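Survey of secondary and tertiary structure
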Amino acid sequence: MNGIKAIIPAAGFGTRFLPASKAVPKELLPILDKPSIQYIIEEGLASGIKDFIVVTGKNKKPIEDYFDLYPELETILTASKKDHLLDSVSKIIKTANFLYVKQFEQLGLGHAIWTARTAFSHEHVAIFLPDDIFTGAIPGMAQLIKVANQEKCNVIAVQEVAKQEVSRYGIISVRRQFSPNLFQVKDLVEKPAPNKAPSNLAIVGRYVLSSNIFASLENLKFGSGGEIQLTDGIQNLLLSGEKVFAYKIQGQRYDAGTTFGWLKTNLDFALKHPKYSEEIMKYLAKLEKDILFMQGKAEALKNKHKTI
Ligand code: UTP
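Here's what I pulled together on the structure shown here. These figures come from a predicted structure and were not determined experimentally. (Residues numbered from 1 in each chain as written. Predicted model: local features only at pLDDT ≥ 70, side-chain atom pairs only at ≥ 80, totals over all residues. Heavy atoms only, no water.)

1. Regarding the overall build of the chain
- Summing up its helical and strand segments, the chain has ten helices and 13 strands in all.
- Scaling as 2.2 N^0.38, a compact globule of 308 residues should have a C-alpha radius of gyration of about 19 Å, and the chain matches this with 22 Å.
- In terms of overall dimensions, the chain has C-alpha extents of about 70 × 60 × 35 Å along its principal axes.
- For the chain, buried positions account for 44% of its 308 residues.
- Counting every atom, the chain has about 16900 Å² of accessible surface; 57% of that belongs to carbon and sulfur.
- With 39 positive and 32 negative side-chain charges, the chain shows a spacing of 5 Å between the two charge centroids. (Helix = DSSP H or I, 4+ residues; strand = E, 2+ residues; numbered from the N terminus. Rg over C-alpha atoms; globule rule 2.2 N^0.38 Å. Buried < 20%, exposed > 50% of the residue type's maximum accessible area, 1.4 Å probe, protein only. Areas by Shrake-Rupley, 256 points an atom, 1.4 Å probe, with all protein chains shown as cover. Lys, Arg positive; Asp, Glu negative; His and termini not counted. Charge placed at Lys NZ, Arg CZ, Asp CG, Glu CD.)

Written out as structure tokens, the structure is:
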């Protein structure tokens, strides 16, 4: 799969981040000092991908500005010997190719992927959902591409989730298990109720799909949540006889798509970052003392009420 191109759907409203995401795309909210979408592009480049098709919508122009040159700022930074501050993004601008495709109506993830169809002919497609950030020794997408090459089929990333969480995800049912991490998919169901879920293997934000996914998404009816779902398109691939494998990516997944998930991701990244780890550890230790103190106070208050 040399030269595989990526689609990054980023046209959603990001309602879970409102009001912050009203004018600032949630993909630009920072994880430490870099916007979350930058981690996605870095994973893509580290997986051998150079071409990124970003599906955008209203108010997403700042994403294009971020991955663009800014000569006035660069001149000032160079004069004050601070040009290293843009190093990580300048490297991306030099190596990656960006194409922006506009999704005029936010009809769902499946529709966003379909919107990018004209950028592809018959090659496979690597899809990154920018809410999910993976870290680990081998880039998440590189792991999926390897499996797709070996098995010559579609591969989707999955992760085991708690039973009460299955209704937040697309869930697979397994036809065959080949190893602790590799499965052949029998069926997929989008956001099932916990008692109807065929497994606890949830689809997470990375896919390598054949270009037939675009035809599979064509004329799809609105599915779960009143949206055109990518899961339904993959189900159509299965129905047309294509094999779909599911792979548990080795590494850590961060869900930065909710306010709390984003906050946790920031804390985890800070703890692991050489520049911030010492300070954040000190701060967390102080917070722990405050929490114990507050819990002690609450306990004392409870006991006082009991004795009255
Ligand atoms: P989500 O379901 O997480 O929606 O979309 P969202 O708008 O990003 O966030 P919330 O749920 O309202 O907080 C999953 C991915 O699909 C993209 C989103 O940008 C996100 O990356 N998407 C979704 C589109 O590009 N277009 C759509 O019509 C819907």
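2. Concerning the side chain of K34
- Inspection of the secondary structure puts K34 in strand β3 (residues 34-35).
- Take K34: its relative accessible area is 18%, and that puts it in the buried class.
- At 2.9 Å, the side chain of K34 forms a polar contact with the side chain of E42.
- Setting aside its immediate chain neighbours within four residues, K34 contacts L29, Y39, E42 and S88. (Polar contact = N/O pair within 3.5 Å; in protein donor to acceptor, adjacent residues only side chain to side chain. Contact = heavy atoms within 4.5 Å.)

3. Notes on the site of the ligand
- Around the ligand, a shell composed of 18 residues is seen, among which P9, T15, R16, K26 and Q103 lie nearest.
- At 2.8 Å from an oxygen atom of the ligand is found a main-chain nitrogen or oxygen belonging to P9.
- With respect to the ligand, the side chain of K26 contributes an N or O atom lying 2.7 Å from an oxygen atom.
- Coverage of the ligand by the protein amounts to 84% of the 570 Å² it exposes when considered alone.
- When atom positions are compared with the pocket grids, the ligand is found to occupy the largest pocket.
- Taken together, the residues that form the shell around the ligand break down as eight nonpolar, six polar and four charged. (Near = heavy atom within 4 Å. 1 Å grid on protein atoms, 1.4 Å probe; cavity = no way out; pocket = protein on both sides within 12 Å on 5 of 7 lines; lining within 4 Å. Sits in = over half its atoms within 2 Å of the grid points. Nonpolar A, V, L, I, M, F, W, Y, C, P; charged D, E, K, R; others polar.)

4. Focus on the environment of E227
- Within the element layout of this structure, E227 appears in the loop between α7 (212-217) and α8 (230-239).
- Under the relative-accessibility criterion, E227 is labelled partly exposed at 33%.
- Residues E227 and R16, 211 residues apart in the sequence, show an inter-C-alpha distance of 17 Å.
- Apart from residues no more than four positions distant in its own chain, E227 is found in contact with L107, G108, L109 and F222.

5. Concerning the nonpolar core
- Membership of the largest hydrophobic core comes to 44 residues, with the highest contact counts inside it found for I49, F128, I133, M141 and L144.
- Ranked by residues supplied to this core, first place goes to helix α6 (residues 140-151) with five residues.
- Residues within four places of I133 in sequence aside, it is in contact with I31, S36, Y39, I40, R206, Q252, R253, Y254, A256 and F269.
- The next biggest cluster of nonpolar side chains, apart from the first, holds 35 residues, and it includes A11, I203, L209 and L217. (Core = buried A, V, L, I, M, F, W, Y, C linked by side-chain atoms within 4.5 Å.)

6. Thoughts on the pairing of strand β8 (residues 154-160)
- The buried fraction of β8 is high, at five of seven residues.
- With five bridges connecting them, β8 and strand β12 (residues 244-248) associate as parallel partners. Bridging from a neighbouring strand, V158 pairs with K248 of β12.
- Here β8 runs beside strand β11 (residues 201-209); their pairing, made up of five bridges, is antiparallel. From the neighbouring strand, V155 faces β11, where its bridge partner is V208. (Pairing = 2+ DSSP bridges.)

7. Some remarks on a nonpolar patch on the surface
- Together, I291, F293 and M294 make up an exposed nonpolar region whose accessible area comes to about 340 Å².
- Take M294: it is sitting in helix α10 (residues 277-307).
- Of the residues examined, M294 reaches a relative accessible area of 52% and is grouped as exposed. (Patch = residues over 30% accessible without salt bridge, like charges linked within 9 Å, V, L, I, M, F, W, Y side chains within 5 Å. Salt bridge = Lys/Arg side-chain N within 4 Å of Asp/Glu carboxyl O.)

8. Observations regarding the pattern of salt bridges
- Going through the model one piece at a time under the given rule, you end up with 15 salt bridges.
- A salt bridge links K272 to D268, with the shortest nitrogen-to-oxygen separation between them at 3.5 Å. Here K272 and its partner D268 are both found in helix α9 (residues 259-272), four residues apart, which amounts to about one turn of the helix.
- One salt bridge in this structure joins E299 and K302, with 3.9 Å as the shortest N-O distance. Of the two residues, E299 and K302 are both situated in helix α10; the distance of three residues between them amounts to about one turn of the helix.
- Bridged by salt links that share partners, the residues R16, K26 and D131 form one connected network.

These figures capture arrangement, not role.
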